[in-house]
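Each chain, letter by letter, is given below.
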Amino acid sequence: MNPQEAIARLTREMIHYDGGDAKRIQHFIKVHNFARTIGLSEGIDEEQLYVLEAAAILHDVGIHAAEAKYGNCHGKHQEELGPEEARKVLAEVEGFTGEQKERICWLIAHHHTYTNVTSADHRILLEADFLVNSFEDNLSQEGIITFRNQVFRSASAISILNDMWNLQ
Ligand SMILES: [Fe+2]
């Protein structure tokens, strides 16, 4: 199976997993597209892009489990419960090696971790998620600029955020 096909199958599997929750489906579709666009713009290699795309599709997979266990979906609960849920979805899709699944789960377990961000895939996942959340959560311009300055590093992600909100 070629990578594009595996990503399409994973997308459909995740839509099925999130069945009935159109809002979450719309969310991860957007995060995936931004992550892919930034990854390609930054010139990360094919292997890293593949894992990043899968992580972007699955990144919020722990939300329902966190709500069920803790009654809320705080980032840290999602990070704790996401990997196990991600493995269930990945088990239904061919095309990912054990090593790739490990990295995807690591990224999911760190998608609300904003310190010690040293790898491109981690950075881009945070940027892509925020590009969507800055809109979906109606954040203030001040909040958007603060987050950009603290977390954003990829030139393409900064450019997209600035274009989206007419920032300097
Ligand atoms: Fe998200």
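So, a few notes on the structure that sits alongside this text. Computed from a predicted structure; not experimentally measured.

Before going further, it helps to spend a moment on the overall build of the protein chain. Of the regular secondary structure elements, the protein chain holds 9 helices and 0 strands. On the principal axes, the C-alpha backbone points of the protein chain span a range of 45 × 40 × 30 Å. Across the 168 residues in the protein chain, those meeting the buried criterion constitute 47%. Sequence separation of 24 or more characterises 64% of the internal contacts of the protein chain that already satisfy a separation of 6 or more. Carbon and sulfur atoms make up 49% of the accessible area of the protein chain, which totals about 8600 Å². Across the protein chain, 15 positive and 26 negative side-chain charges occur, with their mean positions spaced 2 Å apart.

Quick look at helix α9 (residues 155-165) now. Residues S156, A157, L161 and N162 constitute the buried set of α9. Residues of α9 that are buried make contact with α2 (22-42), α7 (120-136) and α8 (141-151). Of the residues one or two after α9, N166 is the one with positive phi, at around 55 degrees.

In this structure, the largest pocket spans a volume of roughly 260 Å³. Lining the largest pocket are 15 residues; nearest its centre among them are R24, D60, I63, N133 and D137. Among the elements of the structure, α2, α5 (75-90) and α7 are those that each provide at least two residues to the lining of the largest pocket. Class assignment of the residues belonging to the lining of the largest pocket gives a composition of 2 nonpolar, 7 polar and 6 charged. Here the second largest pocket is characterised by a volume of approximately 160 Å³. Surrounding the second largest pocket, P3, Q4, I7, R36, E46, E47, L49, Y50 and E53 form its lining. Mapped onto the lining of the second largest pocket, the elements with two or more residues apiece are α1 (3-17) and α3 (46-58). A class-by-class count of the residues in the lining of the second largest pocket yields 4 nonpolar, 1 polar and 4 charged.

Rules and cut-offs
- Sequence order as written defines the numbering, with residues in each chain counted from 1.
- In view of the model being predicted, local features appear only for residues whose pLDDT reaches at least 70, and side-chain atom pairs are presented and counted only at 80 or more, with totals across whole chains, interfaces and linings using the full set of residues.
- With hydrogens and water set aside, each side-chain value is computed from the structure's full complement of heavy atoms.
- The way it works is that DSSP assigns letters per residue, a run of H or I at least four long becomes a helix, a run of E at least two long becomes a strand, and they are numbered from the N terminus.
- Three labels apply to residues, based on accessible area from a 1.4 Å probe with only protein chains included: buried if under 20% of the type maximum, exposed if over 50%, partly exposed otherwise in between.
- What makes two residues a contact is simply this: any of their non-hydrogen atoms within 4.5 Å.
- Areas reported as accessible are Shrake-Rupley estimates using a 1.4 Å probe. Residue values count occlusion only from the protein chains shown.
- When charges are counted, Lys and Arg are positive and Asp and Glu negative, with His and the chain ends excluded.
- Note on charges: their place is set at NZ of Lys, CZ of Arg, CG of Asp or CD of Glu.
- Site definitions follow a grid-based scheme: protein atoms alone, a 1 Å grid, a 1.4 Å probe that fits but cannot get out for cavities, and for pockets an open set with protein on both sides within 12 Å along at least five of seven lines, plus lining residues having an atom within 4 Å of a point.
- Grid points are joined across faces, edges and corners, and a volume is the space filled by probe spheres set on the points.
- For this scheme, ten residues count as nonpolar: Ala, Val, Leu, Ile, Met, Phe, Trp, Tyr, Cys and Pro. Four count as charged, namely Asp, Glu, Lys and Arg, and the remainder, Gly too, count as polar.

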